[in-house]
Amino acid sequence: MNKLRNIALLLVAVLSIQACTEILEDVEPSTEITPEVGLADPGAIAAVRANMYSRLHAFAFTTELMLAPEAFADNITSRDGSSRFRGQAFNNVRSGMNDGAYGVAYLLINDANLLAEGIPDGVITDALRNQYRGEALVLRAFAHFVLVRGFGYEPGQEVSGFNLGVIVRTEPVVGLSDADTRARSTNAEVYTQMNADLNAAIALLDNSSSRNFVTQSFAQGLLARINLYEGNHAGANAAATAALAGTSAALATTAQVATMFDETAFAINPEALFETLLANPAAEGQGVNSSLNAYTASQWVAQIPTPGLLALYDPADARNAWYSACDDNGTGPDTDNPAQAIAGCTAINGGLELNKWNGELGQFADNIPLMRVSELLLIQAEARLSGGIADPLTPINTLRAQRGVAALGAVTLADILNERRMEFVGEGQRGFDLKRLGMTMTKDPGLTAPDVPYTDFRILNDFASGDLDTNEDLIQNPGY
Amino acid sequence: MLLLVGLVPAAALAQSGVLSGTVTDETGEAIPGVNVVITQLTKGDATDVEGKYSITNIPAGTYTVTASFTGYKKYETTVQVGSGIVTLDITMEDDILGLDDVVIVGYQTVSKREVSGAVSKVSAKDFKDVPVQSAQSILQGRAAGVQITTQSGNPGGAFTVTVRGAGSINSSSAPLYIVDGVQVSFANQSSQTSQTPLNAIDPNSIESIEVLKDAASASIYGANGANGVVIITTKKGSNTGRTNITARSEFGYREEISRFGVANSQEWIEYQIQARENSGNVFDFLQDNPANPAGRRTAAETTVRNTVESFGHAAGIAFADVPTTNWQDFIYDAGFSQRYTLTASGGDNDTQYFLNGGYEDTEGHIFNSAFTRYNITANLDQRLNSKLRTSVQINLANTAQTGECQDGSFINCPVTASGFEPPITMPFNADGTFANTRFGTRNNIALQKELVRRTNRNTQILGNSSLTYEFTNWLTFKSTFGVDYRVVSDNQFRPPIASTLGGQVFEADRETTNWSTNNVLSARKTFSEKHNVSGILGMEYRRERSNVFTSFGTGLPNGLLSVINATSTPNAVSGFNTEFRQAGYFARANYDYDGKYIVSATARYDGSSRFGSEERWGFFPGATAAWRLSEEDFFKNLNWGGVEEIKLRVGYGTTGNSLIANFASRSALGVGGSYNGLTGLTLSRLGNDLLTWEEAEEINVGLDVIFLKGRLSANIDAYQRDNNELLLNRPLPRDSGFGGINQNVGSVRNEGIELQLNSVNVDRAGILWTTNFNISVQRNEILSLNEGQTSLNGGSVPFAVGQARTARFIPEWAGINPANGLPMWYDRNGDITYNPVLTAGANDDRRFFDGSEEDVVGGLGNTISYKGFTFDVFFQYSFGRTIFMTQEFFFGTTPIFTTGLLDDIERAWQQPGDVTDLPRVFIGSTEPGGSTADPRVTRADNAYQDASYIRLKNMTLSYNLPTSITEKINLRGVRLYASGLNLYTWTAFTGLDPEQSSQSFPTALQVNGGIEINF
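Along each chain, the written sequence defines residue order, and numbers are assigned to residues from 1. Naming scheme: in the order in which they are written, chains are lettered from A and ligands are numbered from 1. Given that the model is predicted, a residue must reach a pLDDT of at least 70 before its local features are reported, and side-chain atom pairs must reach 80 or more before they are shown or counted; all residues, however, enter totals for whole chains, interfaces and linings. Hydrogens are left out, water is left out, and the side-chain values use all remaining heavy atoms of the structure.

Before going further, it helps to spend a moment on the overall build of chain A. Under the DSSP-based scheme used, a helix requires at least four consecutive residues in state H or I and a strand at least two consecutive residues in state E, with every element numbered from the N terminus. When helices and strands are tallied, chain A shows 19 helices and 7 strands. Per-residue burial for chain A yields a buried fraction of 60% across its 480 residues. In what follows, a contact means two residues having at least one pair of non-hydrogen atoms within 4.5 Å. Within chain A, contacts between residues separated by at least 24 positions form 72% of all contacts whose residues are at least 6 apart in sequence. With residues, only the protein chains shown are counted as cover, and all accessible areas are computed by Shrake-Rupley using a 1.4 Å probe. In the structure as shown, chain A presents an accessible area of about 15800 Å², 55% of it carried by carbon and sulfur atoms. One finds the centroid of the 30 positive side-chain charges in chain A at a distance of 2 Å from the centroid of its 56 negative side-chain charges. For every residue, the accessible area obtained with a 1.4 Å probe (protein chains only) is divided by the maximum for its type, and the residue is called buried under 20%, exposed over 50%, and partly exposed between those limits. The positive count covers Lys and Arg only, the negative count covers Asp and Glu only, and His and the chain ends enter neither. A single reference atom marks each charge: NZ on Lys, CZ on Arg, CG on Asp, CD on Glu.

In C-alpha cells form, the structure reads like this:
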C-alpha cells in the first residue's frame, strides 16, 4: 500500500504542473512595448518623435545624400585607391544618386505617419499634438522629395513622357493589412502631396523650436526648394522670401564663413534652417565606415573636390577656407599633418580635401544642416530670373558680399549654378541641380569619365530587384 | 602487501570467506582497475596494477560475480564461497566493438544492443591525448553524420556544428547541447574573441559524447531536437573502495599551418605602375598624355612614387631600394602551452566521487591570442538509504581569452591586415615611432599588437543535483535541478596613443542564467523472461534570462589605467535583458521480445514563450523498431559462422527547432535611434500570433552487422529529413516601412547515408591493431519557400527552390582572353561574353553552382598497441565545400586597392598570347570600350575554391612504463605521450586553411608532449 501511495503522490506532483500553462507567461521584452500601450503614453509619443528625427542619421540621409549626387556630377570625385562612391564618378550603372534612401525614407515616412495620424486624442495637449503633426508632415514631405527626385523626373522634364514618381504613403502601417502593395504615383501627384503636406505644416508650426528641429521656416524653405524643382518659380520665390523673413538663422558673415560648419565655433551653423543633431557624437558619430567626415576629410578621404570646381573660386573667396591639405587628420579642427598624407590627391587636384565635415564634435562626428540661408537666397535669385520676377541680382549679390567676392553686374542661370556649386560643395545639390533643369550630367573635363546626357537612363535611380519581386505593381524605371 | 597478507588470517577467523584472484586480458597481461563485484552483496574490489583483487568478509554462500571494465566484455560467473580463500582468476575478453557499452539516449541509458535509432557515441578512450579545448572539436571526424568546421584558430575558438546537414534557413542549425542532463545556453557570448560555452568543461573530465542524430531519437527533446542533440557526460567515481589519483602535465607548441605567398616591394611597385599605365593613368590627367607611352609610364611612376614616399620612405628613394616588410612574420608568433590536471576518483558502495582540477595556459599562434582555464569538476554520488540516492555534479570554470579581431575583411584583424598591408609599408619609422600604413597610423598592425588589448573572462557554473528514489528494483523516480550560469566579461582597451579619442575603453558584462528541472519516472521490468519492458515518463521546465550591459568610455589620463572609471567621458552605455521559458512533458516506452524484436515509442508535448499566443504548444512523436535477425533460430541454423549480429532498424519521428529570437512573434514598438538625448521608439515588428517552431520529420533506416567473429562491425544509416514550417521573413513592400513578417513557411530536405566501420585487424602476440572509419554523404535541397516564391533573394546565394541551401547563383568563368588580357564569362547560351548579365530576367547569364556545404565528411582512425606502447593516427576529411576567396580573389590580385598583392599576381596577363587566369592589371572596373576589366565585381565560379581536404588531424604515441619499473618508484603507473594536431593537410585549396573562410584566424599545427602518473 505504501508503494501505491508513493506512486500516487508522485503522479500528482508530476502532472499538477501540467495544468499550469501559465508557466510560459509573464515573459516580456526589455527593449520593446506593444504599440497599444506605447501610443497612450506621452513619454512614448515623444520617443516616437525622437525616432522620426533619428532616421535622419541614416547613411542615406547623411553621407549618401550629401555626396552621391555630387560625385555623379562634377563637384567631387573618387580618389585613386578608394572605392567609396567610385561608381558614381565612373557612371557605373546602378550607382545612383542617393538610391540608398529607398528603404530608410519609408521608415521615416512610417514614423512620421504614426506621429501625424496615430496619436489618440487626449494623450498630449492639442498644441503639442499640432506641433508634432506639423513636424511629421514636413519630414514626410522631405522623405517623399528625396525619393521622387531620385526615382522620377521632375514634372515637365519627363524623358519620353515617363511620368511616374514614387509610392506615396500617408497612413501609418501598424498591422499586416496596412502593408498593401501599391503602384507608383505620378510625379505630379507626389508633388501635389508634398505641397499639401508643407502648406498644412506651415499652418501648424511656428519658429519657437530650436533649429535642430523642424520649424515653420524650414517648412517654407523646403517648399521653396520643391517649388523650384517643379518649376513653380513664383511659389519658390514667395516661400523662400517667407522663410527668410521668419527664421532666426542669418547669413554668415565673411569672417564666419571659414568656421560656420565647426561645431566648436557655433553650436548650430548660423545659416542652418534645420540642422540634424548627431546621435552620439563621442561614440564616433556615424562611424569610420559611414560618416561624412571619414569620406571627405579623414580616414578614407574617398571623395575630393575636382579641379574644375576649385578653379571657380576667386582667390579672395572666403570659401577657399573650406579646403586644406589632403591628409587624415583624425578628429578636431583641421591641422595639416604630413605624416598622415593621403596618397592620390595631389595627382587629381594638387592635394586638397574638403573640410566642411571635419569631425569637430568627436571622431567622425558632425551635425549636418539640411538647408541653409544661402540656399534661400540662391532660390530667390533663380526663381526670379527664370520666372521673370523682378530683381534676381540682389539675393545673389547679398550672398557674394558675405563670401568676400565682387558683386555681379548682371546675372545668368550659369552664374547662379556656378555659385551653387561653390556654395554647396559636399551638400548634395549639384547632381540634382543639373537633373531638375534637364541638363547633361557633366563631369570634370580633366577626368576621363564621359558626361551623361540627360536622356540617358542612368539619370534615374533603379528599383532593387527585391522590391520589384515583392510588389508586382512597382514599375521599374526605363532602361533597367 | 605485508599488511594485506596479515589481514587474511583475521578475516578467516571471522568465519567468512575471501575471494581473490588475478584479472588478465586474453594475452595474459594484467588489467588494473577492473571492478570485481559480488552482485548479491553489492561488494567488490578493483584490481591493482598487477591485476590482483581481493574481497574479504564474504559470508558463506553462492554468489554471482561480475567483472567489468571499459573496452572488455562484461564477465559473469557463479562461485561458491566457504570459509577459506577462493581463488577466481578472470580472463576478460576484448570488447573492441562495445556491444556492452551503455548508450545514453536522453533521460535513460540502454545497452548498445537495444539501440534502435541513430546514435553516435565517442568515448574517452577515443580522444585521450588529443590537445583540444572543447568537446566540439573532439567530435570532428569521429561521429558519422556530424559536420564540424572551426570558426577560429584562436585557442578556445568556436565551431560550427551541424548534425546531418543544416535544415533551417533563418534559424540556427546548431544542435542542442546537454551536459550531465543540463541543456547548455549559447546565448550572449564574447564580442572580443571567438569562444564556446563548452570551454567550461575540461575534455579530460568527459566520459562520453553521444549524438542523437535522427528525429525518432531526438523527439524526446521535442521542440529543441530538430538539429540533433549532443549529450556530454562527465566521468564518475567507482565503487571499488580504492582511490585513483592521476596527475598529468602537458606541454605544447603551436604554429601556423600555412601562409599567403606575397609579392615583395619591387614586384608590388611594378604592378602598381603597370596598372596605371594600362588604365591610362586615369587620375593623373595633369601629367598623362595617351599619345606618348613613355610619358604614361613616367606619370604612372610619379603616382606610385607619391604613394611610396607617403609611407615614410626617403624622398627620391630608388624603387629597387624600397625594403620589403613581410607582415605575416609580424602577425604569426608561435605559441606555447601548458596544461596540468589532477584527478582523484573512487568510492565505495555508498559514496562515489570523481574530482578533477585543471589548469591550462595555451598561447595562440597569432600575437596576443591565448586561452587560460582553471576548472574544477566535482561529481559526487551518495546513497542516503536503501531507497534514496543523491548526486551532485558540478563544473566550475574560469576561462580567459585574449583575442584578436577574428575574421572578416576588417583592416585591424591580423590575418586580414597581413594580406592588406602592402610590402612597402613598415611597422615602425626609423625613430621607432609607429609608421603610417595603408590604412593610416591608427590601423598600423604594430600598434594593434603592442598597445591594443582585447580580453575576455568567463565564469561558468554548470551543474546539477538530483535525488533518486527507488520504489522497487524496477521503478525509480529521479528529480534533477540543473544550473548553467555564465558571466562573460569583455574589455577592450586603447591607450591614448592608440586612439584619436584620447584613449578608449569598452567593457561589457553579459550574464546568462539558465536553470532547468526535470522529473522522470523510470521503469524496467522483464516478464516471463522474454518480454522486456521499459519506459520513462517525465516533465522538464527551463528558464533562461540574460542581462547584458555594455559601456564605452573615452579620454584616459595615461596608458596605465584601462577601466571605465579612468575615462573622463563614460559616454555610451547600453543594457538590456531578455528571457525565454519552455516546458515539456515526455514519455518513452520500449518493448523488446527476447532480444529479437525491439520497439520504442516517444512523445513530447512542448511549449515555449517564444511562440505566438495561438501556437505555443506542440506535440512531437517518434517511433523506432529493430529486428535482430541474428537471434532468430532460422538464422542460427544457417550457420553463418562468422556473423555474430545482424540488426535492422527503422525509425520515424518529428522534432522542432525553436532557436528563434525570444520575441519574434510579437508586434512591437521597439527602441530605435535617439535624437537630442531622447531614445526613440518605433514600430519595429509586425506581430504574428501563429508563429511557431520549425518542424523536422525524419525517417531513418539502419543496419548493424558484426561478423568475422566480432572482428569487423559495420553500421549503415540512411535518412531523409524534411524541415518544414521554416521561419521565413515573408517580404513586404518596403514602402510599408517593414521589410517583412516572420511566418512559418518553407521547407528544406536533407538526405544522406552514413557508414561506420570498426575492425580488429590484428589481435595476436600482444599486438592489437584496430581501425575505425566513418563516412557520411549528405545533400540538401530547398523544397519550398513563401508561396509563389522561387528564391529568397536575388544575390549570389539566393536560397532557391530546387537547389541546395547554399547553392550559388553566379555566371560561369571563361578565363582570360589571351589576345587582350580581358576577363571573359559564358553567357546563358554558352557563348563568351565580356559583360555577363547579372540581373533576373530572360537575359540572366547566371546559373547555379555548388555552395559552401560539405558533401562528404568523415574520419579514419588507427590504433596499434603493443606492450606498453599505443600509437594512434587519425585522419579527418571533408569534400565538396566551396569558399569565397576574399584575399586570393578579391583583394590580393588587383592593384586597385593599393593593398598587398599575393605572388599570384605574377600570373597577370602581360602580352598577347599569354594563357593565364588573371586579367591584365588595371585600375577601374571597365576597360575602354566598356568591357568589364575587373572580375572581382562580377563574382563568378572562379571567385570560389573547392576546399576539400584530408587532414592528418591527430597522431599520438604513448608509452606505459612497465610495472616492474613503476613498482620500484612506488607508483601505480606512469605514461608518457606525445601528440600532434593538424599535422598535415592534403588539399588543392590555395587559401590558408580549408576548414575556414578565407581571412579567418586559421587553425594551428600543434605538437604536445605529456606525462601522466597514477598514484
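Our focus in this paragraph is the interface of chain A and chain B. With 91 residues of chain A in contact, the opposing surface of chain B contributes 81 residues. Across the chain A/chain B interface, buried area totals approximately 7200 Å², and carbon plus sulfur atoms make up 61% of it. Any Lys or Arg side-chain nitrogen found within 4 Å of a carboxyl oxygen on Asp or Glu counts as a salt bridge. Where chain A meets chain B, there are 2 salt bridges. The partner of R734 of chain B in a salt bridge is D467 of chain A, with the nearest N and O atoms 2.5 Å apart. Between N or O atoms, a polar contact is any pair within 3.5 Å; within protein, one atom must be a potential hydrogen donor and the other a potential acceptor, and residues adjacent in sequence are included only when both atoms are from side chains. One can count 10 residue pairs in polar contact (both at pLDDT 80 or more) joining chain A with chain B. Here the element with the most residues in the side of chain A that touches chain B is helix 3 (residues 42-54) of chain A; it accounts for 8 residues. Within the side of chain A that touches chain B, the residues separate by chemical class into 44 nonpolar, 31 polar and 16 charged. The term buried area refers to how much accessible surface (probe radius 1.4 Å) is lost by two components on association, counted for both of them together. Residues are sorted three ways: Asp, Glu, Lys and Arg are charged, Ala, Val, Leu, Ile, Met, Phe, Trp, Tyr, Cys and Pro are nonpolar, and all the rest, Gly among them, are polar.

Residue and element names in this part refer to chain B. Taking 1.5 Å of rise per residue, the 14 residues of helix 4 (residues 265-278) would be expected to cover 20 Å, and the 20 Å separating its terminal C-alpha atoms lies within 8% of that figure. Residues of helix 4 that are buried: S265, W268, I269, Y271, Q272, I273, Q274, A275 and R276. Its side-chain oxygen 3.1 Å from the backbone nitrogen of Q266, N264 forms the N-cap of helix 4. How far a helix is expected to stretch is found by multiplying one less than its residue total by 1.5 Å.

On to the sheet that holds strand 6 (residues 75-81) of chain B. Residue and element names in this part refer to chain B. One open sheet holds the 4 strands; their spatial order is 3-2-5-6, and the pairing between them is antiparallel. With one partner strand each, in any of the chains shown, strand 3 (43-46) and strand 6 form the two edges of the open sheet. Across the sheet, the mean angle separating the axes of adjacent strands is 25° when strand polarity is ignored. Of the pairings in the sheet, the one linking strand 2 (residues 35-38) to strand 3 comprises 4 bridges and is antiparallel in character. Only strands joined by at least two bridges in the DSSP assignment are considered to pair. To define axes, lines are fitted to C-alpha atoms, for helices over the stretch in contact only, and angles between the resulting N-to-C directions are given on a 0 to 180 degree scale.

Moving on, we come to the sheet that holds strand 1 (residues 32-33) of chain A. Taken together, 3 strands build an open sheet; the order of strands is 1(A)-31(B)-32(B) and the sheet is antiparallel. Edge positions in the open sheet fall to strand 1 of chain A together with strand 32 (678-685) of chain B, since each of these has one partner strand only. As defined by bridge partners, strand 31 (residues 668-675) of chain B adjoins strand 32 of chain B across 6 bridges and the pair is classed as antiparallel. In the strand pairing of strand 32 of chain B, A668 of chain B is matched with R685 of chain B. Across the sheet, helix 3 of chain A touches strand 31 and strand 32 of chain B, and the angle it forms with strand 32 of chain B is around 85°.

Given 3.6 residues per turn, any residue in an α-helix points the same way as the ones three and four places further on. Residues and elements named next belong to chain A. Along helix 16 (residues 393-403), the positions that sit buried rather than exposed are P395, I396, N397, L399, R400 and R403. In this structure, the buried side of helix 16 is in contact with helix 11 (254-257), strand 7 (368-372), helix 15 (373-387) and helix 17 (413-423). Just downstream of helix 16 lies G404, where phi reads positive at about 80°.

Moving on: the packing of helix 9 (residues 216-229) of chain A against helix 10 (residues 233-246) of chain A. Residues and elements named next belong to chain A. For the pair helix 9 and helix 10, the least separation of the axes is 8 Å and the interaxial angle reads 160°. Classified by the angle their axes make, helix 9 and helix 10 are roughly antiparallel. The handedness of the crossing between helix 9 and helix 10 is left-handed. Contact residues: helix 9 offers S217, Q220, G221, L223, A224, N227 and L228, while helix 10 offers H233, G235, A236, A239, A240, A242, A243 and G246. Here roughly perpendicular refers to angles of 65 to 115 degrees, roughly parallel to angles under 35, roughly antiparallel to angles over 145, and oblique to all remaining angles. Helix crossings are classified by the rotation of the near helix relative to the far one: an anticlockwise turn of less than a right angle makes the crossing left-handed, while a clockwise turn makes it right-handed.

A few words on the packing of helix 7 (residues 126-151) of chain A against helix 9 of chain A. All names here are of chain A. Packing of helix 7 against helix 9 leaves a shortest axis separation of 11 Å and a crossing angle of 25°. Comparing the axis directions of helix 7 and helix 9 gives the class roughly parallel. In the packing of helix 7 onto helix 9, the handedness of the crossing is left-handed. Contact residues: helix 7 offers V138, F142, F145 and R149, while helix 9 offers F218, A219, L222, R225, I226 and Y229.

Residues and elements named next belong to chain B. Note: pLDDT gives the predictor's confidence per residue, expressed from 0 to 100. Mean pLDDT over chain B works out to 87, with 95% of the residues at or above the 70 mark. Summarising per-element confidence for chain B, the mean pLDDT is lowest in helix 1 (residues 2-13) (39) and highest in strand 14 (residues 176-179) (95). Contacts for the low-pLDDT stretch residues 1-14, under 50 throughout, to residues beyond four places or in other chains number 8 contacts. Confidence drops under pLDDT 50 across residues 281-288; counting only partners more than four residues distant or on other chains, this segment forms 30 contacts. On the interface metric, ipTM, the complex scores 0.87, and its pTM is 0.77.

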